[in-house]
Amino acid sequence: MKILVADDHAIVRKGLVQLLLEQYPQAEVCEATNSNEVLEQVSRETWDAILLDISMRGRDGIDTLKQMRSDGVTAPILMLSAQSEDQYALRVLKAGASGFLSKESAPDELLVALKKILAGKKYVSSKFAERLLEMPGSLETHQSHAQLSDREMQVLKLMAAGRTVSQVAEEISLSINTISTYRARILEKLRLQNNSELTRYALDNGLV
């Protein structure tokens, strides 16, 4: 079995690799630190499963996920994030992920999630699945940021973390005008007036 672990934090990667090898000692577990490395490795080899961090520097995990699916990669992909399921689970599943797991989860839950996606099934936590059943559609309907595109969500989080328009543009390799356009769309969709309100919204909703 071949598993690719993609995360830009070495400690996290090494911990995941060790956990996987303890459970699957005969597996070949490889590492990637950014989107380019992920795309290069999936273009050269076939993987049984991919563990992909959402918040890698540069091109984020969701964009990488979409690119892989567009390129015809069919391996099950488990998305990992320090953010809550409420923010990302539905978004990544719609983008083609096989599952979502919070980095705060216990190691045993990672192994459960991996086993499930290897069997061709989808994975979210039981708590999140219960909420979906109890409140169908509510997570997307009532959270305004659910209507943001993946790129708009990325810009929102960076600006809420204190980046200026020019800093965001440099960090994600887009023009200042493009980032300004994204900012205007975000403010309009969330019915906000300025960066202070944007930051407050992000804090209140656990986006930063």
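For every chain, the first residue of the written sequence is number 1, and numbering continues from 1 along that sequence. For this predicted model, a pLDDT threshold of at least 70 governs which residues receive local features, and a threshold of 80 or more governs which side-chain atom pairs are given and counted, while totals over whole chains, interfaces and linings are taken from all residues. Only hydrogens and water are set aside; all other atoms, that is, all heavy atoms of the structure, feed into the side-chain values.

Undergrad: So what exactly am I meant to see when it comes to the packing of aromatic side chains here?
TA: Aromatic ring pairs are reported here in terms of the distance separating the ring centres and the angle at which the planes meet. Note on aromatic pairs: the rings of Phe, Tyr and Trp (six-membered ring only in Trp) are paired at centre separations within 6.5 Å, and the planes decide the class, stacked below 30 degrees, edge-to-face beyond 60, tilted for the rest. Applying the stated criterion across every chain yields a total of 0 aromatic pairs. When the NZ atom of lysine or the CZ atom of arginine is within 6 Å of a ring's centre and also within 35 degrees of its normal, the charge is said to sit over that ring. Positioned above the aromatic ring of W47, the side-chain terminus of K2 is 4.8 Å from the ring centre.

Undergrad: Help me understand the nonpolar core, please; the structure alone is not making it clear to me.
TA: Nonpolar side chains in soluble globular proteins generally cluster together in the buried interior. Ranked by size, the top nonpolar core spans 48 residues in total, and within it I50, L52, M68 and M79 carry the most contacts. Only DSSP runs of H or I covering at least 4 residues are called helices, and only runs of E covering at least 2 are called strands; the numbering of each starts at the N terminus. Among the elements that line this core, the one with the most residues is helix α8 (residues 150-160), at 6 residues. Residues count as neighbours in contact if any of their non-hydrogen atoms are within 4.5 Å of one another. If we skip the residues at most four places from it in the chain, L52 touches A6, V38, G61, T64, L65, M68, I77, L78, M79 and L80. Membership of the second largest hydrophobic core comes to 20 residues, among which are V5, V17, V29 and A49. What is meant by a nonpolar core is a set of buried Ala, Val, Leu, Ile, Met, Phe, Trp, Tyr and Cys residues, joined one to another through side-chain atoms within 4.5 Å. The buried label applies to any residue whose accessible area, calculated with a 1.4 Å probe on protein chains only, is under 20% of its type's maximum; exposed applies above 50%, and partly exposed to all values in between.

Undergrad: Just to check I follow, could you spell out the pattern of salt bridges for this structure?
TA: Where side chains of opposite charge bring their charged atoms close, a pairing between them can arise. What counts as a salt bridge is simple: a side-chain nitrogen of Lys or Arg found within 4 Å of a carboxyl oxygen of Asp or Glu. A complete count under the given rule lists 12 salt bridges for this structure. Note that R91 is salt-bridged to D150, the shortest N-O span being 2.9 Å. A residue pair is termed long-range when its members are at least 10 positions apart, and R91 in helix α4 (residues 85-95) and D150 in helix α8 qualify at 59 residues. Each member of the pair R91 and D150 is classed as buried. Between K189 and E152 there is a salt bridge; the shortest N-O distance is 2.8 Å. Here K189 is found in helix α10 (residues 176-190), whereas its partner E152 is found in helix α8, with 37 residues between them in sequence. On the accessibility criterion, K189 (29% relative accessible area) is partly exposed.

Undergrad: Just to check I follow, could you spell out the pairing of strand β1 (residues 2-6) for this structure?
TA: Within a regular beta strand, the side chains point alternately toward one face of the sheet and then the other, so they alternate between its two faces. The buried fraction of β1 is high, at 5 of 5 residues. Because side chains alternate across β1, one face comprises the buried residues K2, L4 and A6, and the other comprises I3 and V5, equally buried. Summarising the sheet, β1 and strand β2 (residues 28-32) pair through 5 bridges and their orientation is parallel. Bridge pairing in β2 places A6 opposite A32. Here is how to tell: hold the view so the strands point away, follow the path from the first strand over the helix to the second, and if it runs clockwise the crossover is right-handed. As for the winding sense of the linkage, the β-α-β connection from β1 through helix α1 (residues 10-23) to β2 is right-handed. If DSSP finds at least two bridges between two strands, the strands pair. The pairing of β1 with strand β3 (residues 49-53) spans 4 bridges and is parallel. Residue pairing for β3: V5 is matched across the bridge by L51.

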